Protein chains: 2
Amino acid sequence: MKPATALPAQKNTRASDISDSQLRGLFGYNLKRSFSALQVDLLEVLSKFDLRMVPFSTLVMIVENPGLRQSQLADALAIERPNLVVVLDALERRELITRDRVPTDRRAYALRATLAGHQLFEKAYRAVQTHEARYLDRLTTAEREALSSALNKIRATFEETGE
Amino acid sequence: MKPATALPAQKNTRASDISDSQLRGLFGYNLKRSFSALQVDLLEVLSKFDLRMVPFSTLVMIVENPGLRQSQLADALAIERPNLVVVLDALERRELITRDRVPTDRRAYALRATLAGHQLFEKAYRAVQTHEARYLDRLTTAEREALSSALNKIRATFEETGE
DNA sequence: TATTGTTATACTCTATAACTATA
DNA sequence: TATAGTTATAGAGTATAACAATA
């Protein structure tokens, strides 16, 4: 490919006249664009519960693993411990979770969801499942399985050296 | 599911003792985790060319669409015009692209890649393809096609009302 | 010494309002 | 009046260093 010399500028063209086949040829780019589009809808769903993605994931993990410690949780969610602190502060302030000292290790906190936390989890999780159905309904069973398998392989490729 | 009352804290368990099946049951979460893992590797590849994801995508689009205008480019990349300005400033400062006034519309700039820009594009694009091969090699043809098709359907689901 | 949680901080990405110059 | 590009700014998300309390 040679450099442009004195070619005319693109006129007042519609977006459809712009080609992006080189970027579309990259799976990573498609992954990002698809997730970005999905994220807009997901954030709107979560906003009804005053939640964003990380606080939602955090609540789900605490409900599923009562007594979990902060560093275990940060590990499981692949977020840095300092960033988790502010998320937990907010959830605790809303009385959705509790932080109880662990008697056998007084450095650590055992995380648990309150009744309100469990109730919010139930409602929010169901709403997210409805959001997911919006696109999963359009996929065949084979596509869902292949998507799931492919995502797992991608993660395994890049996490195996990193963990 | 009822709230925790007086359960013991999780002991010094390994990460494998923590369950995340509820989050893993959400495709959106898997999409995010897989892309995050991929991104770490991709950013490392791009750093060899002093590029990040958006500047790379920007360069690819300008090479493929010489004479493109900034607002067309922002549209195609789905990024806000103000954010594109600083990206283009940096690429222009490095003499990878040029901004030429469009004679027929003196508000607009026609974007083109310089020789150095084309050369950097060629090297960076090949490096990204090598990065992509790291995980694509592990996918079957059926998986690649299903992944591609699934991603397109996800994007279509959430962009059709938004555009 | 090492680990848990914390504070402070900084960098990136993204989004919006408001301006200028042109149309 | 509307559009192209710009400036300034603010909100999220993410990453690291360094500290106090505890192991």
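On to the environment of Leu147(B). By the element assignment, Leu147(B) lies in helix 7 (residues 141-159). Dropping the residues within four chain positions of it, Leu147(B) is found in contact with Phe27(A), Leu147(A), Ala150(A), Ile154(A) and Leu139(B).

Near DNA strand C lie 19 residues; those nearest to it are Gln70(A), Ser71(A), Arg107(A), Asn83(B) and Arg106(B). Put simply, 60% of the atoms of DNA strand C that lie within 4 Å of the protein are in sugar or phosphate. Between Gln70(A) and DNA strand C, the recorded distance is 2.8 Å, taken from a side-chain N or O atom to a phosphate oxygen. For DNA strand C, a phosphate oxygen lies 3.0 Å from a polar atom in the backbone of Tyr109(A). Elements represented by at least two residues in the surface near DNA strand C include exactly helix 4 (70-77), helix 5 (81-93) and strand 2 (105-113) of chain A together with helix 5 (81-93) and strand 2 (105-113) of chain B. By residue class, the composition of the surface near DNA strand C is 6 nonpolar, 3 polar and 10 charged.

Right, let's talk about the pattern of salt bridges for a bit. Per the counting criterion, the structure on display carries 22 salt bridges over all chains. One salt bridge connects Arg107(A) with Asp105(A), and the closest N-O pair in it is separated by 3.1 Å. With a closest N to O distance of 2.2 Å, Arg99(B) and Asp89(B) form a salt bridge. On the criterion of sequence distance, the pair formed by Arg99(B) in strand 1 (residues 97-102) and Asp89(B) in helix 5 is long-range, its members being 10 residues apart. Classification of Asp89(B) by relative accessible area gives partly exposed; the value is 29%.

A separate point is the protein's contact with DNA strand D. Of all residues adjacent to DNA strand D, which total 19 residues, the nearest are Asn83(A), Arg106(A), Gln70(B), Ser71(B) and Arg107(B). Those atoms of DNA strand D that come within 4 Å of the protein belong to sugar or phosphate at a rate of 59%. Measuring from a phosphate oxygen of DNA strand D, one finds a backbone N or O atom of Ser71(B) at 2.6 Å. Elements that contribute at least two residues to the surface near DNA strand D include exactly helix 5 and strand 2 of chain A together with helix 4 (70-77), helix 5 and strand 2 of chain B. A class-by-class count of the residues in the surface near DNA strand D yields 6 nonpolar, 3 polar and 10 charged.

Taken as a whole, chain A shows an average pLDDT of 91; of its residues, 88% reach a score of 70 or greater. Scored below 50 in pLDDT, residues 1-7 of chain A makes 14 contacts in the model with residues more than four places away or belonging to other chains.

Now for the relation of the copies chain A and chain B. Least-squares fitting of chain A to chain B yields an RMSD of 0.0 Å, with the superposition described by an axial translation of 0.0 Å and a rotation of 180 degrees. On the angle and the small slide along the axis, the relation comes out as a two-fold axis. Considering only C-alpha atoms, the residue of chain A closest to the rotation axis is Leu147(A), which sits at 2.5 Å. With an isologous cut-off of 70% or more, the 99% of interface residues of chain A that recur at the interface of chain B puts this contact in the isologous class.

What follows concerns the packing of helix 7 (residues 141-159) of chain A against helix 7 of chain B. How two helices pack is summed up by the angle between their axes together with the distance between the axes. Axis separation between helix 7 of chain A and helix 7 of chain B bottoms out at 8 Å; the angle between their running directions is 105 degrees. It follows from the interaxial angle that helix 7 of chain A and helix 7 of chain B lie roughly perpendicular. Contacts between helix 7 of chain A and helix 7 of chain B involve Glu143(A), Ala146(A), Leu147(A), Ser149(A), Ala150(A), Lys153(A) and Ile154(A) from the first element and Glu143(B), Ala146(B), Leu147(B), Ser149(B), Ala150(B), Lys153(B) and Ile154(B) from the second.

What counts and what doesn't
Residues numbered from 1 in each chain as written. Chains lettered and ligands numbered in written order. Predicted model: local features only at pLDDT ≥ 70, side-chain atom pairs only at ≥ 80, totals over all residues. Heavy atoms only, no water. Helix = DSSP H or I, 4+ residues; strand = E, 2+ residues; numbered from the N terminus. Contact = heavy atoms within 4.5 Å. Near = heavy atom within 4 Å. Polar contact = N/O pair within 3.5 Å; in protein donor to acceptor, adjacent residues only side chain to side chain. Nonpolar A, V, L, I, M, F, W, Y, C, P; charged D, E, K, R; others polar. Salt bridge = Lys/Arg side-chain N within 4 Å of Asp/Glu carboxyl O. Buried < 20%, exposed > 50% of the residue type's maximum accessible area, 1.4 Å probe, protein only. pLDDT = per-residue confidence, 0-100. Least-squares fit on C-alpha atoms with pLDDT ≥ 70 in both. Axes fitted to C-alpha atoms, helices over the stretch in contact; angles between N-to-C directions. Parallel < 35°, antiparallel > 145°, perpendicular 65-115°, else oblique.

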